[in-house]
Amino acid sequence: MHDLEWSGEVVEWRGPAPYYFVLAPPAEAEWLTDVMPDVTYGWGMVPVHVRIGATEFTTAMWPRQGTFWLPLKDAVRKAEDIEPGDVVRVRVSVRDW
């Protein structure tokens, strides 16, 4: 596993229901693009283990618009009192599928 760490703003994407994400910065997105073929389980999704504050969870980062989007589950946002527009520090470990 390789760890990435960055701070990013929580953004809201409105589809049929609102979803919340933290986008990977350019350098981290480039690295994720390089490892994606080795770890993806389809559609370019990269499985990750994430830590934000005291909360740890697993998810998959989505490739979109030239970067990777880290989805924030409602339970994570509630546990860490995260709102859209907040800047959060994330630690991401890429997992083998």
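Look a little higher up for the structure.
Residues numbered from 1 in each chain as written. Predicted model: local features only at pLDDT ≥ 70, side-chain atom pairs only at ≥ 80, totals over all residues. Heavy atoms only, no water.

(A) Focus on the pairing of strand E3 (residues 46-52). Within E3, 5 of the 7 residues are buried, leaving the element largely enclosed by the surrounding structure. In terms of strand pairing, E3 meets strand E4 (residues 55-64) through 7 bridges, oriented antiparallel. Looking across to E4, one finds that Val46 is bridged to Met61. In the sheet, E3 pairs with strand E6 (residues 87-94) via 4 bridges, with the strands oriented antiparallel. Bridge pairing links Arg51 to Arg91 in E6. (Buried < 20%, exposed > 50% of the residue type's maximum accessible area, 1.4 Å probe, protein only. Helix = DSSP H or I, 4+ residues; strand = E, 2+ residues; numbered from the N terminus. Pairing = 2+ DSSP bridges.)

(B) View of the environment of Thr40. Position of Thr40 among the secondary structure elements: in the loop between helix H1 (26-39) and E3. Residue Thr40 is classed as partly exposed on the basis of its relative accessible area of 26%. Looking at Thr40, its side chain comes within polar contact range of the main-chain oxygen of Met45, at 2.8 Å. (Polar contact = N/O pair within 3.5 Å; in protein donor to acceptor, adjacent residues only side chain to side chain.)

(C) Just the nonpolar core, in detail. If you look at the biggest cluster of nonpolar residues, it comprises 25 residues, and the most contacted ones within it are Met61 and Val92. Elements supplying a minimum of two residues to this core: strand E1 (3-14), strand E2 (18-23), H1, E3, E4, strand E5 (67-71) and E6. (Core = buried A, V, L, I, M, F, W, Y, C linked by side-chain atoms within 4.5 Å.)

(D) Representation of the pattern of salt bridges in the model. Under the criterion given, the structure shown has 6 salt bridges. With a shortest N-O distance of 2.6 Å, Arg91 and Asp3 are connected by a salt bridge. Taken as a pair, Arg91 in strand E6 and Asp3 in strand E1 lie far apart in primary sequence, 88 residues in all. The salt bridge involving Glu5 is made with Arg89; its shortest N-O contact spans 3.4 Å. Linking Glu5 in strand E1 with Arg89 in strand E6, this pair joins segments that are 84 residues apart in sequence. Among the residues examined, Arg89 registers a relative accessible area of 45% and is labelled partly exposed. When salt bridges with common partners are traced through the structure, they connect Asp3, Glu5, Arg89 and Arg91 into a single cluster. (Salt bridge = Lys/Arg side-chain N within 4 Å of Asp/Glu carboxyl O.)

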